[in-house]
Amino acid sequence: MIINDKKNFLDIIAKVLHGLGYSNVKKQENGKDITADKDHVKYIFRCKYDIDAIGAKYIEEFAGNVNGYDKMVYVTNSSFIPAAKNSAESNNIELWDRNVVDRLSIAMHEDIVDEIVEKKKFPVVPVVIAIVLTVAIAFVLWKFVL
């Protein structure tokens, strides 16, 4: 299950973290970061949905803007170019690409993406039922009242 849902990417990663036993999972106001705790370690996760591989520039930016956390993790639905991997290694940043996220989500529950996406979908069946009932009532009123 590779995540192909840009709109719900942060929610999906937060759900994965909960499932993996992280506590105090909180999405930050910048819309890119999640903070969490696990085993008395404070984590910050930078989450970036992208169709292209993540470059070193993004890793450097993350490393330069984060203070007060024990561990930094950069998460993407994509992959990392070699320069980004080198930068992450020198800045002690853990990288989670689409393969890592896929393995982690399968290890906990395969249906987590479906669960999040289903909650956000428009309720089609109740709307269709309401329309059919409205048409039926209108037909009955038209047939017997007029």
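Note that the coordinates shown come from a computational prediction; the quantities given were computed from them, not determined experimentally.

## Considering the pairing of strand E2 (residues 33–38)
Okay, so step 1: In this structure, strand E1 (residues 23–27) lies alongside E2, joined through 3 bridges in antiparallel fashion. By the bridge assignment, Ser-23 is partnered in E2 with Asp-37.
Okay, so step 2: Note that E2 and strand E3 (residues 41–48) share 6 bridges and pair antiparallel. Note on E3: the bridge partner recorded for Ile-34 is Phe-45.

## With respect to a nonpolar patch on the surface
Okay, so step 1: A grouping of Ile-129, Leu-133, Ile-137 and Leu-141 is seen on the molecular surface, where their side chains present a nonpolar patch of about 390 Å² in accessible area.
Okay, so step 2: Turning to its location among the elements, Leu-133 is positioned in helix H6 (residues 124–145).

## So, the packing of helix H2 (residues 56–64) against helix H3 (residues 82–90)
Okay, so step 1: Remark: H2 packs on H3, axes separated minimally by 7 Å, with the N-to-C direction vectors making an angle of 20°. Between H2 and H3, the angle falls in the class roughly parallel. Residue-level inspection shows Ala-56, Ile-59 and Glu-60 of H2 in contact with H3, the latter providing Ala-83, Ala-84, Ser-87 and Ala-88.

## Considering the nonpolar core
Okay, so step 1: Membership of the largest hydrophobic core comes to 17 residues, with the highest contact counts inside it found for Ile-34, Phe-45, Val-75 and Trp-96.
Okay, so step 2: Elements supplying a minimum of two residues to this core: helix H1 (9–19), E2, E3, strand E4 (71–76) and helix H4 (98–108).
Okay, so step 3: If you tally residues by element for this core, the top one is H1, at 5 residues.
Okay, so step 4: Excluding residues that lie within four positions of it along the chain, Ile-34 makes contacts with Leu-10, Ile-13, Ala-14, Leu-17, Val-25, Lys-26, Lys-27, Tyr-43, Ile-44, Phe-45 and Cys-47.
Okay, so step 5: Of all hydrophobic cores here, the second largest spans 12 residues; its members include Ile-44, Phe-62, Ala-63 and Phe-80.

## Re H1
Okay, so step 1: For H1, the buried fraction is high: 8 of the 11 residues fall into the buried class.
Okay, so step 2: Along H1, the residues that are buried comprise Phe-9, Leu-10, Asp-11, Ile-12, Ile-13, Ala-14, Val-16 and Leu-17.
Okay, so step 3: Looking one or two places after H1, you find Gly-21, whose phi comes out positive at around 95°.

## Side note on the confidence of the model for the protein chain
Okay, so step 1: Of the residues in the protein chain, 78% reach a pLDDT of 70 or more, and the chain-wide mean stands at 82.
Okay, so step 2: When pLDDT is averaged over each helix and strand of the protein chain, the minimum, 52, is found for helix H5 (residues 112–120) and the maximum, 96, for H3.

## A closer look at the side chain of Asp-97
Okay, so step 1: Take Asp-97: it is sitting in the loop between strand E5 (93–96) and H4.
Okay, so step 2: Engagement of the side chain of Asp-97 in a polar contact is seen with the backbone nitrogen of Val-100, the distance being 3.1 Å.
Okay, so step 3: For Asp-97, the residues in contact, after removing those within four places along its chain, are Thr-76, Ser-78, Ser-79 and Phe-80.

## Notes on the pattern of salt bridges
Okay, so step 1: Going through the model one piece at a time under the given rule, you end up with 4 salt bridges.
Okay, so step 2: Taking the shortest distance from any N to any O, the salt bridge between Lys-27 and Asp-11 comes out at 2.4 Å. One end of the pair, Lys-27, is in strand E1; the other, Asp-11, is in helix H1, and 16 residues separate them in sequence.
Okay, so step 3: Note on Lys-27: relative accessible area 46%, which makes it partly exposed.
Okay, so step 4: In this structure, the salt-bridge partner of Lys-48 is Asp-50, at a minimum N-O distance of 3.6 Å.
Okay, so step 5: Among the residues examined, Lys-48 registers a relative accessible area of 21% and is labelled partly exposed.
Okay, so step 6: Residue classification places Asp-50 among the buried residues on the basis of a relative accessible area of 16%.
Okay, so step 7: One salt-bridge network, held together by shared partners, links Asp-33, Arg-46 and Glu-61.

What counts, and at which threshold
- Position numbers for residues start from 1 in each chain and track the written sequence from start to end.
- The model is predicted, so local features are restricted to residues of pLDDT at least 70 and side-chain atom pairs to those at 80 or more, both for listing and for counting; the totals for chains, interfaces and linings are taken over all residues.
- Note that water and hydrogens are dropped before the side-chain values are worked out from all heavy atoms of the structure.
- Any two strands are treated as partners once DSSP identifies two or more bridges connecting them.
- The helix count covers DSSP runs of H or I at least four residues long, the strand count covers runs of E at least two residues long, and both are numbered beginning at the N terminus.
- For patch building, the residue pool is restricted to those with more than 30% relative accessible area and no salt bridge; the joining distance is 9 Å between like charges and 5 Å between nonpolar side chains (Val, Leu, Ile, Met, Phe, Trp, Tyr).
- In this description, accessible areas are obtained by the Shrake-Rupley approach with a 1.4 Å probe, and a residue is regarded as covered only by the protein chains that are shown.
- The salt bridge definition used is simple: a Lys or Arg side-chain nitrogen within 4 Å of an Asp or Glu carboxyl oxygen.
- All axes are obtained by fitting lines to C-alpha atoms, using only the stretch in contact for helices, and the reported angles, taken between N-to-C directions, cover 0 to 180 degrees.
- Here the word oblique covers every angle except those under 35 degrees (roughly parallel), over 145 (roughly antiparallel) and from 65 to 115 (roughly perpendicular).
- Contacts between residues were defined by any pair of non-hydrogen atoms, one from each residue, lying within 4.5 Å.
- Working definition of a nonpolar core: buried Ala, Val, Leu, Ile, Met, Phe, Trp, Tyr and Cys residues. They are joined through side-chain atoms within 4.5 Å.
- Each residue gets one of three labels from its accessible area relative to the maximum for its type: buried under 20%, exposed over 50%, partly exposed in between, using a 1.4 Å probe on protein chains only.
- Note on scores: pLDDT gives the predictor's confidence for each residue, bounded by 0 and 100.
- Polar contact is the term for a pair of N or O atoms within 3.5 Å; when the atoms are in protein, one must be able to donate a hydrogen and the other to accept it, and sequence-neighboring residues count only if both atoms are side-chain atoms.

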